[in-house]
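Notes for the structure review
These are the residues of each chain, in order.
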Amino acid sequence: QPNKIVFAKEGFYVQNFGIRNSNEYITVNSTAPHYNTPIKANISNFLLSNITEVISKDTLLANGILVGTVDVKQLNSTPQVAAALKITNLSVLGDTIGNLSIDVSNATDKAVDATVAINGHGNDIKLTGMYYPTPVEGNNFNMDLLLAPLNVKTIEGATANQIRNTTGLLNGKLHIQGTMTNPIIEGELKTDNLSTNIAMLN
């Protein structure tokens, strides 16, 4: 006590809100008990399966241990957010991809600076650059994706097992621009002893 989430015509604020199970927890707090003050969320040892098992009882969509912080620094029509999140042993549909880290911040009111990296299980993947919620010169993205390498075996689950019995790697660098509906991807990818089976064709 006191723990509450307060909504009013002026906005909202959060005091001492938390969900806890043993050493897993998520806490959310406004910096002051006043409307529209900055909000901080702390996440520790949270199993993703707690959420994904609610969505799908028959298939484990994703799992891993999530830790990190999310800071909502400004609450208005153009919110400003900074987040530093890590997922240890991220798996998608049974295949462990590696350790995922996400760092996001608002460079301006109209641009989000993001770095997403995956390491481990033969993967060294990094996505860096800017995301524009409102297109700038026709682009939602100005980002670079580095694969150094991607172990293709680890993404079989992410492809809904449309590929299987995979060995080998992908290396390369791609530049991503365009929009959500019409992305423009340019660059070069090289295979390294890549072999796979297309499930649809066997």
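Anything mentioned here points back to the structure above.
What you are looking at is a predicted structure, and each value in this text was computed from that prediction instead of being measured. (Residues numbered from 1 in each chain as written. Predicted model: local features only at pLDDT ≥ 70, side-chain atom pairs only at ≥ 80, totals over all residues. Heavy atoms only, no water.)

**Quick look at the pattern of salt bridges**
Going by this rule: The salt bridge criterion pairs a side-chain nitrogen of Lys or Arg with a carboxyl oxygen of Asp or Glu, the two atoms within 4 Å. Three labels apply to residues, based on accessible area from a 1.4 Å probe with only protein chains included: buried if under 20% of the type maximum, exposed if over 50%, partly exposed otherwise in between.
One pass over the full model with this rule turns up one salt bridge. Across the pair Lys153 and Glu156 runs a salt bridge, and its minimum N-O distance is 3.4 Å. Residue Glu156 is classed as buried on the basis of its relative accessible area of 6%.

**A look at the side chain of Ser91**
Selection criterion: Secondary structure follows DSSP: runs of H or I at least 4 residues long count as helices, runs of E at least 2 residues long count as strands, and numbering of each begins at the N terminus. In what follows, residue pairs with any heavy atoms lying within 4.5 Å of each other are defined as contacts.
By secondary structure assignment, the location of Ser91 is in strand β7 (residues 80-92). Excluding residues that lie within four positions of it along the chain, Ser91 makes contacts with Leu61, Ala62, Asn63, Thr96 and Ile97.

**With respect to the sheet that holds strand β8 (residues 95-108)**
Convention followed: Any two strands with at least two DSSP bridges between them are considered paired. Interaxial angles span 0 to 180 degrees and are taken between N-to-C directions of axes, which are lines fitted to C-alpha atoms, for helices over the stretch in contact.
With respect to topology, eleven strands assemble into an open sheet ordered β3-β4-β5-β6-β7-β8-β9-β10-β11-β12-β13, the strand pairing being antiparallel. For this open sheet the edge positions go to β3 (17-21) and β13 (183-198), each flanked by a neighbour on one side alone. On average, each strand axis in the sheet is inclined to that of its neighbour by 10 degrees, with strand direction left out of account. Pairing between strand β6 (residues 62-74) and β7: eleven bridges, direction antiparallel. Counted as the bridge partner of Val67 is Lys86 from β7.

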